[in-house]
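# Remarks on the overall topology
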Amino acid sequence: MKRQFKLITVLSTVLCLSVLLTGCWDLIEIEQYFFISTMGIDVYKGEAHVVDEAEKESEENRLTEKDRFIITYVSPDLRAIGKNATSENPRIIMASVSNNPYETTKELATRTNRNFTFRHTKVVLLGEEVARNREYMIEIFDNLGRHEQLSRKLNVLVAKGTAKEIINIEAPYEPVTGYLINQIMSKKQGSSRYNDMVLEEILTELYFSGNVLIPRAIAGGGEVKVAGSGIIKNYELIGWLGEIENISAMFLMDRVNTAVLNIEHENAILPYVITNSRTKPRVTVEDGKIRYTVNIDTDGYIQQYKIEAEEKLTEQKTISHIEQKLEDVLAKQVRSTFEKLQKEFKVDALGVGRYISKHNPKLWEEVKDDWEEIFTNIEFEVHVDAKLRRIGMTK
């Protein structure tokens with residue numbers, strides 16, 4: 001009995017050791033990876049983009065009429081990290097002409113000894129001409145939605161110009177473009193001047209209606225700026241919202257974390273810093289007419305005032321006067337942005353239709369087939385309740 005027990009013990013030990021001591025048969029060292037942080041997609045027009053003569057020769061033999069994109073990858077250069085760095089370049093940029101990112105990866109694999117991984121990809125940049133082509137956009141977003149390594153939380157932006165222009169900028173504080181843009185859009189001291197929607201949210205809107213606001217990236221002065229939004233209608237870029245208009249759009253979609261609203265008072269410009277915001281939409285039907293009403297509540301404080309102003313900021317009358325001005329200014333800006341989308345671009349990129357489908361499905365069944373036309377004629381109302389919670393230090 002004891003011998004059997006010892007035998008079982010020995011066998012169990014051997015089995016356990018065989019599992020614990022076995023190495024990983026498919027291990028790939030970290031130095032053998034390209035960790036793609038940014039993917040840029042531009043329209044290919046036959047322009048030269050080669051890195052060297054070897055690439056030129058291979059692509060001249062390979063190009064077909066169906067090669068439509070220049071796809072650019074950016075990866076941090078791991079050789080530039082650490083005390084014993086062997087490279088001074090913080091990033092590696094690779095580009096190839098192809099039909100889709102899958103083909104790009106396979107083509108670039110013929111020119112490097114490293115493996116590509118997209119599990120750490122932070123940003124996808126779409127060139128303006130790509131975004132203005134409906135067929136391209138349908139294919140690209142289907143690709144992004146299906147990609148087994150891409151996170152649904154990554155940032156997708158439309159570049160004003162080309163994606164390559166933005167990628168080529170090497171900012172001194174963060175040279176790897178994808179990390180820079182991701183940090184801008186996720187930092188706590190954010191701004192409603194840019195749209196912070198991620199891939200998952202963009203796909204939700206596109207699957208529902210084909211309409212959405214996509215964050216905009218701009219290259220200029222050796223810097224990358226994230227501000228405003230691209231207006232997507234039926235999977236196609238049709239125009240832009242500027243920075244101030246984007247703030248209004250964020251209010252309409254209840255996505256404002258912080259914002260600054262300037263008003264004129266006592267011959268001075270007062271910045272009202274919004275620290276909290278809540279937007280509650282409501283849809284009603286009166287005499288066969290759809291009315292979309294949004295109620296916006298904001299809390300905030302005045303960052304600066306006028307020392308010798310006749311109206312003292314400590315007086316309730318002055319506070320009420322300022323709050324009324326804030327409400328008027330914000331309501332005017334929000335109304336202007338809504339009307340721009342409704343009347344000028346004739347597109348529901350704010351999710352009004354999706355709100356109706358969720359909260360009044362019976363009404364949605366009646367209007368969904370003609371919603372694009374009906375949206376341009378619905379009535380819109382905005383009510384703002386701005387509260388001045390703090391007035392800062394006083395003498």
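In this report, the structure presented in the accompanying data block is examined. (Residues numbered from 1 in each chain as written. Predicted model: local features only at pLDDT ≥ 70, side-chain atom pairs only at ≥ 80, totals over all residues. Heavy atoms only, no water.)

## Focus on the nonpolar core
Ranked by internal contacts, the top residues of the largest apolar core, which has 48 residues, are Phe338, Leu350, Val352 and Trp371. No other element matches helix 10 (residues 316-344), which puts 8 residues into this core. Once residues lying within four places of it in the same chain are set aside, the contact partners of Phe338 are Leu252, Tyr292, Leu350, Val352, Phe375, Ile378 and Phe380. The next biggest cluster of nonpolar side chains, apart from the first, holds 37 residues, and it includes Leu154, Leu203, Leu237 and Trp240. (Core = buried A, V, L, I, M, F, W, Y, C linked by side-chain atoms within 4.5 Å. Buried < 20%, exposed > 50% of the residue type's maximum accessible area, 1.4 Å probe, protein only. Helix = DSSP H or I, 4+ residues; strand = E, 2+ residues; numbered from the N terminus. Contact = heavy atoms within 4.5 Å.)

## A look at helix 10
When the terminal C-alpha atoms of helix 10 are compared, their 41 Å separation across 29 residues agrees well with the 42 Å that a helix rising 1.5 Å per residue should span. In the segment just after helix 10, Lys346 is the residue with positive phi, at about 50 degrees. (Expected span 1.5 Å × (residues − 1).)

## Side note on the pairing of strand 13 (residues 289-302)
Where strand 12 (residues 268-286) lies against strand 13, 14 bridges are found, and the strand directions are antiparallel. The residue of strand 13 that forms the bridge with Lys280 is Asn295. Taking the residues between adjacent antiparallel strands as the criterion, strand 12 and strand 13 are bridged by 2 residues, where Asp287 takes a positive phi near 55 degrees. Pairing between strand 13 and strand 14 (residues 379-390): 11 bridges, direction parallel. Note on strand 14: the bridge partner recorded for Val294 is Val382. (Pairing = 2+ DSSP bridges.)

## Re the packing of aromatic side chains
A complete count under the given rule lists 12 aromatic pairs for this structure. Their ring planes at 20 degrees and their centres at 6.2 Å tell us that Tyr292 and Phe338 sit as a pair that is stacked. Of the two residues, Tyr292 is situated in strand 13 and Phe338 in helix 10; the sequence distance between them amounts to 46 residues. The class of Phe338 is buried, set by a relative accessible area of 0%. Cluster of aromatic residues (ring-pair linked, three or more members): Phe208, Tyr292, Phe338, Tyr355, Trp364, Trp371, Phe375 and Phe380. (Phe/Tyr/Trp six-rings, centres within 6.5 Å; stacked < 30°, edge-to-face > 60°.)

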